[in-house]
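# Working through the structure, step by step
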Amino acid sequence: MKMTIRVKLLLIILLANTALVLAIYLANKLAFEKSFSQYIENTSRVQLQDVIAKVAQTYEQHQSLDWVYKGSDEWEGVVRLYYGITNDGAPRRRVESRPPPRRYEQRSDDEPRHRPQRRRAEDEARPPRDRRPPPPRRGENRRILLKDAHGKLLMGNAQNTKNTFWFPVYKTDHLPEPKQQHVIAFLGVEGSGLIRNEFDTLFAKQQQQQFILIALIALLVTVILAVPFSKYLVKPIVLLRKNAKVLAQGNYDAQVDIHSKDELGLLARDMNRLADTLAQNQSARQQWIADISHELRTPIAVIRAEIEGMIDGVIPTETEQLMSLNEEIQRLTRLVDDLHQLSLSDKGALTYNMAQHNLYDLLSRTFAKSRHLIDAKHLAFSLQCNEHLEIECDEQRLGQLFDNLLQNTLRYTDSSEQQPGTLDVKVLQQDGVTSICWQDSAPSVPQSQLEKLFDRLYRVEGARSRAAGGSGLGLAICQSIVQAHNGDIKARLSELGGVAIMIELRH
């Protein structure tokens, strides 16, 4: 089963929040344990202040720790102080009073009134109790430990030193700074680093339970909010997917109605532009096929008609008729060659041999080859180019570019012996860019049709016609050659009244 983007997004949100809650839980647990241990340490320190002072006083009296051994009176005094026992054996701060007799209680008439005196006498006759410390209360069953300043254990079991807080005992307590005080011993409580008190454990357990409850509630809220949120985020993706299916079926009129400014909105606008481009390409392809079939049908129809006329004897088989057939065949051959070259250019199969060549020589050879055509057209031309200007180019392809431009000028420029036409070619090289301006005289083309001159098989009504011999592919071939030389080619209105072709070659 494939997981949808909505499910993946929901799982990512849940995993991210779960990881966040788990991290907060672990951090809170560590912080709580550290803080709670510090709290226990501070509490133990406060409770042992009197005991620490007692050890320091006893050390001052003896000037050593030789008095620390089992059975010594001084150590017994420290132990009694720790357990809250007075010197006479009675528990310190533990006064128990019997409740007063109830008013409604009555003595029987035969009860002797001197019974309290007899009980007091019996108590006095009992032997004195042992003054050893009574059993410690619950939570007070931890023994105190003592070690000297060098860490040697003097009192207590070494196995009980684990999880023990050690508190320093200073020789003097009246100095202001602890750095000036001399440590004489360390006093500790067995297992003071553990949370042994049942109330402390209960408090820690309650804290964990409350946090787990809060974490579960947070995850539940996350799920409740993530479901509609994921649906909201996935909705534009669903629309884009539906529109892509429509485009795949060939319907390029479909548009995605998403107006957000995020990445999905940009993707929707790009998809709408893609649909427009596909529609334009489809229209251009249909027009291209129609134009090609028309261009091929025209010379074929002419050739067929003349051959059938010769067969039927309507058209005499003479040299003029054969030359007419040859012209149509040449025209058809040029059209097929141009189509083949454009197809190779589209596939990137045309090879370009780049080398340094003199641009002035290329232009001079172009005009020299067609000198008889220029003279027959009565066309006046001028070339302004540095004789030493060199560029990196393919000599054959760039010569083909200039030949196509010259043929285009010879076909469509009005020129006669009485009113000769004009061709002006200017070349300028500056900042690594070679600019070529090729402009001729009237007739011109409308401003709105200048950008379409480089479309394949495009002709301007009136100015370009099949009678002039053009196939409508010359400028398209020029554009492919210029683009292969990392350049740009544009058309604009000429100052001489015709069309100006602007070429920029970057190197």
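Cut-offs applied
Residues numbered from 1 in each chain as written. Predicted model: local features only at pLDDT ≥ 70, side-chain atom pairs only at ≥ 80, totals over all residues. Heavy atoms only, no water. Pairing = 2+ DSSP bridges. Helix = DSSP H or I, 4+ residues; strand = E, 2+ residues; numbered from the N terminus. Axes fitted to C-alpha atoms, helices over the stretch in contact; angles between N-to-C directions. Contact = heavy atoms within 4.5 Å. Buried < 20%, exposed > 50% of the residue type's maximum accessible area, 1.4 Å probe, protein only. Salt bridge = Lys/Arg side-chain N within 4 Å of Asp/Glu carboxyl O. Parallel < 35°, antiparallel > 145°, perpendicular 65-115°, else oblique. Left-handed = near helix turned anticlockwise from the far one by under 90°. Nonpolar A, V, L, I, M, F, W, Y, C, P; charged D, E, K, R; others polar. Phe/Tyr/Trp six-rings, centres within 6.5 Å; stacked < 30°, edge-to-face > 60°. Lys NZ or Arg CZ within 6 Å of the ring centre and 35° of its normal. Arc of directions from axis to C-beta. Polar contact = N/O pair within 3.5 Å; in protein donor to acceptor, adjacent residues only side chain to side chain. Core = buried A, V, L, I, M, F, W, Y, C linked by side-chain atoms within 4.5 Å.

### What about the sheet that holds strand 6 (residues 379–384)?
- Across the sheet, five strands lie side by side as 6-8-9-11-10; this open sheet has mixed pairing. On the outer flanks of this sheet lie strand 6 and strand 10 (487–493), each paired with one strand and no other. Geometrically, the sheet is characterised by an average inter-axis angle of 10 degrees between neighbouring strands, direction not taken into account.
- Strand contacts of helix 10 (residues 395–412): strand 6, strand 8 (421–430), strand 9 (433–441) and strand 11 (497–506), with the helix running at about 20 degrees to strand 9, the strand carrying the most contacts.

### Some details on the environment of Glu 392
- On the secondary structure map, Glu 392 appears in strand 7 (residues 390–393).
- For Glu 392, a relative accessible area of 46% puts it in the partly exposed group.
- Put simply, Glu 392 and Leu 359 are 33 residues apart on the chain and 9.3 Å apart in space, counted from C-alpha to C-alpha.
- The contact partners of Glu 392, leaving out residues within four places of it in the chain, are Met 354, Ala 355, Gln 356 and His 485.

### Some thoughts on the pattern of salt bridges
- This structure, assessed with the given rule, holds seven salt bridges.
- Linking Asp 270 and Arg 273 is a salt bridge whose minimum nitrogen-to-oxygen distance equals 2.1 Å. Separated by three residues within a single helix, Asp 270 and Arg 273 lie in helix 6 (residues 263–312), roughly one turn from each other.
- The salt bridge involving Arg 371 is made with Asp 375; its shortest N-O contact spans 3.6 Å. One end of the pair, Arg 371, and the other, Asp 375, are both in helix 9 (residues 371–377), four residues apart, so they sit about a helical turn from each other.
- Residue classification places Asp 375 among the partly exposed positions, given a relative accessible area of 42%.

### A closer look at the packing of helix 2 (residues 49–62) against helix 3 (residues 73–83)
- As a packed pair, helix 2 and helix 3 sit with axes 9 Å apart at the nearest point and diverge in direction by 165 degrees. Judged on the interaxial angle alone, helix 3 and helix 2 are roughly antiparallel. Of the two elements, helix 2 crosses helix 3, and the hand of that crossing is right-handed. Here Asp 50, Val 51, Lys 54, Val 55, Thr 58 and His 62 of helix 2 come into contact with helix 3, specifically with Glu 74, Val 78, Leu 81 and Tyr 82.
- Considering only residue class, the contact of helix 2 with helix 3 consists of five nonpolar, two polar and three charged.

### Points about the sheet that holds strand 4 (residues 183–189)
- Judged by pairing direction, the sheet is antiparallel, and its four strands sit side by side in the order 2-1-4-3 without closing on themselves. Strands at the two margins of the open sheet, each flanked by one partner only, are strand 2 (153–155) and strand 3 (166–170). Pairs of neighbouring strands in the sheet enclose a mean axial angle of 35 degrees, with direction left out of account.
- Pairing between strand 1 (residues 144–148) and strand 4: five bridges, direction antiparallel. Following the sheet pairing, Lys 147 is matched in strand 4 by Phe 186.
- Strands in contact with helix 3 are strand 1, strand 2 and strand 4; relative to strand 1, the strand with the most contacts, it is inclined by about 135 degrees.

### Some points on the packing of aromatic side chains
- Within this structure, the stated rule accounts for four aromatic pairs.
- Ring centres of Phe 367 and Phe 381 lie 4.7 Å apart, and the angle between their planes is 10 degrees; this geometry places the pair in the stacked category. Taken together, the residues span a long stretch of sequence, with Phe 367 in helix 8 (residues 359–369) and Phe 381 in strand 6 at a distance of 14 residues.
- Judged by its relative accessible area of 4%, Phe 367 falls in the buried class.
- Seen in terms of ring centroids, Phe 402 and Trp 438 are 6.4 Å apart; in terms of plane orientation they differ by 10 degrees. Their pairing is stacked. Of the two residues, Phe 402 sits in helix 10 while Trp 438 sits in strand 9, which places them 36 residues apart along the sequence.
- Classification of Phe 402 by relative accessible area gives buried; the value is 0%.
- A relative accessible area of 2% means that Trp 438 is categorised as buried.
- Of the aromatic side chains, those joined through ring pairs into one cluster are Phe 367, Phe 381, Phe 402 and Trp 438.
- A cation sits over an aromatic face here: Arg 397 above Tyr 352, 5.7 Å from the ring centre.

### Let's talk about helix 8
- For helix 8, the complete set of buried residues consists of Leu 359, Leu 362, Leu 363, Thr 366 and Phe 367. For helix 8, the angular spread of the buried residues around the axis is 130 degrees, confining them to a single face. Those residues of helix 8 that are exposed and angled more than 90 degrees off the buried face are Ala 368 and Lys 369.
- At the N-terminal end of helix 8, a side-chain oxygen is found 2.9 Å from the backbone nitrogen of Tyr 360, two or three residues along, and the residue is Asn 358.

### Brief notes about the nonpolar core
- Formed by 43 residues in total, the largest nonpolar core has its most connected members in Leu 359, Leu 398, Leu 401, Phe 402, Trp 438, Ile 501 and Ile 503.
- Not counting the four nearest positions on each side in its chain, Leu 398 is found in contact with Leu 359, Leu 362, Ile 391, Cys 393, His 485 and Leu 505.
- Membership of the second largest hydrophobic core comes to 27 residues, among which are Trp 67, Trp 75, Met 155 and Ile 184.

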